Amino acid sequence: AGVEAQVQKLSQGTSRKDLIRSCFASPEYDARSRTPMEKVRDACHAVLGREPSEAELAVWAQRLESGAKPGTLLDSLFASEEYATIFRGCQGSSP
C-alpha cells in the first residue's frame with residue numbers, strides 16, 4: 001500500500017506499532033528480499049529513527065539468520081526503554 005494509505009490508517013486510529021508490524025509482514029516488504037542486516041537497519045529506522053549499533057546489528061542479524069522472525073526484533077525494539085523514552089513526550093499519541 002502507498003504512503004497515502006498508510007497515513008489514512010494512522011488517521012483512522014491504527015497504532016504506529018501495528019502499522020510498522022503490518023509493513024514488515026507485507027508481501028511487498030518480503031518481495032524486497034532484504035538481508036538480515038538490512039532488516040535490522042530497517043527495523044531500527046522504523047521504530048527508533050536511527051541506525052542500529054554495531055552490537056545490535058551483529059546480534060539481531062545472527063538471530064534472523066538462525067530463524068528468528070522480524071516480528072521478534074520489532075517486539076524487542078518496541079519494548080525497549082529507548083522506544084518508551086521517544087514516546088513519553090508525545091501527548092495524545094499512541095505509540
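Residues numbered from 1 in each chain as written. Predicted model: local features only at pLDDT ≥ 70, side-chain atom pairs only at ≥ 80, totals over all residues. Heavy atoms only, no water.

1. A look at the side chain of S26
Tracing the chain through its elements places S26 in the loop between α2 (16–24) and α3 (27–31). Judged by relative accessible area, S26 falls into the buried class, the value being 13%. Among the polar contacts listed, one links the side chain of S26 to the backbone oxygen of C23, at a separation of 2.8 Å. (Helix = DSSP H or I, 4+ residues; strand = E, 2+ residues; numbered from the N terminus. Buried < 20%, exposed > 50% of the residue type's maximum accessible area, 1.4 Å probe, protein only. Polar contact = N/O pair within 3.5 Å; in protein donor to acceptor, adjacent residues only side chain to side chain.)

2. What about the packing of aromatic side chains?
One pass over the structure, following the stated rule, counts three aromatic pairs. On the basis of an interplanar angle of 45° and a centroid distance of 4.8 Å, the ring pair of Y83 and F87 is categorised as tilted. One end of the pair is Y83 and the other is F87, both in helix α7 (residues 81–88) and four residues apart, which spans about a single turn. In terms of burial, Y83 and F87 fall into one category: buried. By the ring-pair criterion, three or more aromatic residues cluster together here, those being F78, Y83 and F87. Directly above the aromatic system of W60 lies the positively charged group of R63, at a separation of 4.6 Å from the ring centroid. (Phe/Tyr/Trp six-rings, centres within 6.5 Å; stacked < 30°, edge-to-face > 60°. Lys NZ or Arg CZ within 6 Å of the ring centre and 35° of its normal.)

3. A look at the pattern of salt bridges
On inspection of all chains with the given rule, the structure shows seven salt bridges. Residue R21 pairs with D18 through a salt bridge whose shortest N-O separation is 4.0 Å. Separated by three residues within a single helix, R21 and D18 lie in helix α2, roughly one turn from each other. You can call R21 partly exposed: its relative accessible area is 32%. Taking the relative accessible area as the measure of exposure, D18 reaches 44% and is therefore partly exposed. Measuring nitrogen to oxygen at the nearest pair gives 3.4 Å for the salt bridge that ties E51 to R41. Of the two residues, E51 is situated in the loop between α4 (36–48) and α5 (54–65) and R41 in helix α4; the sequence distance between them amounts to ten residues. For E51, a relative accessible area of 43% puts it in the partly exposed group. The class of R41 is partly exposed, set by a relative accessible area of 30%. A cluster of three or more residues bridged by salt bridges with shared partners is formed by D18, R21 and D75. (Salt bridge = Lys/Arg side-chain N within 4 Å of Asp/Glu carboxyl O.)

4. Structural notes on the environment of A46
Along the polypeptide, A46 turns up in helix α4. With relative accessibility at 25%, the residue A46 sits in the partly exposed group. A sequence separation of 29 residues divides A46 from K17, and the C-alpha atoms of the two residues are 9.6 Å apart. With residues up to four places along the chain from it excluded, the contact list for A46 reads R16, I20 and F24. (Contact = heavy atoms within 4.5 Å.)

These values are about where atoms sit, not about what they do.
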